[in-house]
Amino acid sequence: MEGIVFNIFKLAARNLKRYKRRTFLTSMLITLGVVAVLLFVSISGSFKVMMISQITDSMLGHLQIHRKGYLASIDSLPLNRNLSAKQVAKIKQVLAEEDAVDAYALRIKLGAMFSNFAETTNIRLNAVFPEQELNTVPLLSTRIVQGQSAGLINKGEVLIPELIAKGMKVKVGDAIVLVANNKDGSVNGLSLKVRGILEGISGPGGRDGVIHLEDAKTLLRITDVEISEVAIRLKNMDQLSQTYEALKAKLSSIKNQQGQPVFEVHTWEKLSPFYNIAKMIDLMTFFIRIMLVAIVLVSIMNVMIMAVYERINEIGTIAAIGTLPSRILGIFVVEGFLLGILGTAIGTVISLIAIAAMNAFQISFDFGRQTGLRLAPTISAGEVAVVVLTVIGIAVVASLQPAYKAAKMDPIVALRHV
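Here goes a summary of the coordinates provided.

Rules of the game
Residues numbered from 1 in each chain as written. Predicted model: local features only at pLDDT ≥ 70, side-chain atom pairs only at ≥ 80, totals over all residues. Heavy atoms only, no water. Helix = DSSP H or I, 4+ residues; strand = E, 2+ residues; numbered from the N terminus. Buried < 20%, exposed > 50% of the residue type's maximum accessible area, 1.4 Å probe, protein only. Contact = heavy atoms within 4.5 Å. Areas by Shrake-Rupley, 256 points an atom, 1.4 Å probe, with all protein chains shown as cover. Pairing = 2+ DSSP bridges. Salt bridge = Lys/Arg side-chain N within 4 Å of Asp/Glu carboxyl O. Patch = residues over 30% accessible without salt bridge, like charges linked within 9 Å, V, L, I, M, F, W, Y side chains within 5 Å.

Let's shift gears to the overall build of the protein chain. Helices and strands together make up the secondary structure of the protein chain, namely 13 helices and 12 strands. Within the protein chain, the proportion of its 418 residues that are buried is 46%. A separation of at least 24 residues holds for 79% of the contacts in the protein chain among residues at least 6 apart in sequence. As displayed, the protein chain has an accessible area near 21,000 Å², and 61% of this comes from carbon and sulfur atoms.

Moving on, we get to the pairing of strand β7 (residues 187-198). Where strand β4 (residues 144-147) and β7 come together, three bridges link them in antiparallel fashion. Looking at the pairing, Gly 147 lines up with Gly 196 of β7. Where strand β5 (residues 157-161) lies against β7, five bridges are found, and the strand directions are parallel. Looking across to β7, one finds that Leu 159 is bridged to Gly 196. As defined by bridge partners, strand β6 (residues 175-181) adjoins β7 across seven bridges and the pair is classed as antiparallel. Pairing of Asn 181 across the sheet is with Val 187, part of β7.

Attention now moves to helix α6 (residues 213-220). Of all the eight residues making up α6, six are buried; the element is thus mostly covered by neighbouring parts of the structure. Looking at α6, one finds that the buried residues are Leu 213, Asp 215, Ala 216, Lys 217, Leu 219 and Leu 220. Looking at the buried residues of α6, the elements they touch are β2 (101-115), β3 (120-128), β5, β6, β7 and β8 (208-212). The first or second residue beyond α6 is Arg 221, which carries a positive phi of 55 degrees.

Let us look at the pattern of salt bridges. Within this structure, the stated rule accounts for 10 salt bridges. Of the charged contacts in the structure, one is a salt bridge between Glu 97 and Lys 250, with a shortest N-O distance of 3.6 Å. In this pair, Glu 97 is assigned in the loop between α3 (85-96) and β2 and Lys 250 in helix α7 (residues 240-252), connecting sequence segments 153 residues apart. The exposure class assigned to Lys 250 is partly exposed, which follows from its relative accessible area of 31%. A salt bridge links Asp 208 to Arg 124; the nearest nitrogen and oxygen atoms lie 2.7 Å apart. Taken together, the residues Asp 208 in strand β8 and Arg 124 in strand β3 connect sequence positions 84 residues apart. A relative accessible area of 10% places Asp 208 in the buried class. Taken together, the shared-partner salt bridges in this structure form one network comprising Asp 57, Asp 102 and Arg 233.

Here we come to a nonpolar patch on the surface. Judged by side-chain polarity, Leu 283, Phe 286, Phe 287 and Ile 290 come together as a nonpolar surface patch covering roughly 400 Å² of accessible area. Counting through the fold element by element, Phe 287 comes out in helix α9 (residues 274-310). Note on Phe 287: relative accessible area 46%, which makes it partly exposed.

Put into structure tokens, the structure is as follows:
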């Protein structure tokens, strides 16, 4: 049996060698498809990872914990849905038990009126402890386009969004006043100094400023611990789903007096509209792979049909001397298999060299106000294996119909063919 299989492979390889031009052109088409897919997957994947990093590491964190119902009414930044001191202590206890958690930050989110003593506008504020915030979203300081970024912020200072700075003609070092409603409906004001200006971003975050959490407590007249959200950074982004499920399981078991869950946990995917863009990138990648399948299918089928047509006399001869139809079918299927192997091998090597070259040249680009973002294309062994196996599998499938036609050919009719 092994000898028969070896002979089939030997005959298939000899046939491919006999028709060098056809073999070369077909393998190059397959190579082109493999290179296109692997490069697109690596570059789009790198872009997606980089954009996710920009969002999670400069604003959201990987996960967030809120009091149940807070996210549904987040547009109004409700103070009556803040987490109490007891609830915050429970969250800290749960996070301490999770090895995947690298850091977390306590935040108060509030809406306020922003005044430069001449004009007034509304502003959204994130009140934070600077050290916690920088450990959780380390890229936040890189969004400061004017002013001092070291240490992020001190008490008595405010970081304001670029949109408001330009509209209100406020500069670094200017004094401003924040006026906010407390939870009981009373109004309080607080004078602060502009520490820096944050770059503009799209979405609701474009009007978000940053103040010290102690200043927020003074402004809102909070005497105890009250927190709007807990932002979490993981040691490894690959642990996102696992950690989310673990935190959700632990926190969902905590009920209030009415038997309802006290906490809700969300990943960055739920919190950011960019997740839809990430899904579009994945969808584009899927369709690129479909195009690869089409290229390989058409290329291999065309070549094998031509091979059968050109070798009708040869097929009739080997059938007349007693070669079984199954072996004739095997010869043509193995030819398609070897073409797939050849094309994918060359394409994979070229793709890996191109990816290494792009990393060596350190390709960079600008995205909004972010400059010098470096594209670092990478591709996992699993993704390469999927593409390679898909191409080889399609090559074999595409060979079946022409091979079946050759195997079923009448030897007498084939020998008479001119």
